[in-house]
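Read off the chains here:
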Amino acid sequence: MLNENLVETMVGALLSMDLADSLKDPKEAQRYADEASATFTRLCEQIPDGELTRYEQEAYKRLAKDAHEPQTV
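Conventions and cut-offs
- Residues numbered from 1 in each chain as written.
- Predicted model: local features only at pLDDT ≥ 70, side-chain atom pairs only at ≥ 80, totals over all residues.
- Heavy atoms only, no water.
- Salt bridge = Lys/Arg side-chain N within 4 Å of Asp/Glu carboxyl O.
- Helix = DSSP H or I, 4+ residues; strand = E, 2+ residues; numbered from the N terminus.
- Buried < 20%, exposed > 50% of the residue type's maximum accessible area, 1.4 Å probe, protein only.

Draft legend 1. Examining the pattern of salt bridges more closely. The final tally for this structure, using the stated rule, is 7 salt bridges. Arg62 serves as the salt-bridge partner of Glu8, at 2.7 Å between the closest nitrogen and oxygen. Pair noted here: Glu8 is in helix H1 (residues 4–20) and Arg62 is in helix H3 (residues 52–68), with a separation of 54 residues, a long-range link. Glu8 gets classed as partly exposed once you look at its relative accessible area, which sits at 43%. As a salt-bridge pair, Glu28 and Arg31 come within 2.4 Å of each other at their nearest N and O atoms. With Glu28 and Arg31 both in helix H2 (residues 26–45) and 3 residues apart, this pair spans about one turn of that helix. Glu28 sits in the partly exposed class, given a relative accessible area of 31%. Salt bridges sharing partners connect three or more residues here, namely Glu4, Glu8, Glu58, Lys61 and Arg62.

See below:
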């Protein structure tokens, strides 16, 4: 069974990396992307051996699903 908190945090880090591209200041965008990437890497390091692929697939699947669902504020 996947750790739901870990998967959701991975999705958040992936979203942050995508959002960095929308920042107007290139230095700020790079800093934001670097921080998100470092967070994603740290999360991956917490995943048990042999489970990384499952976690990554689930995170990307949820990211794609979220992109196609209407967002409410």
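That was the structure; now back to the text.
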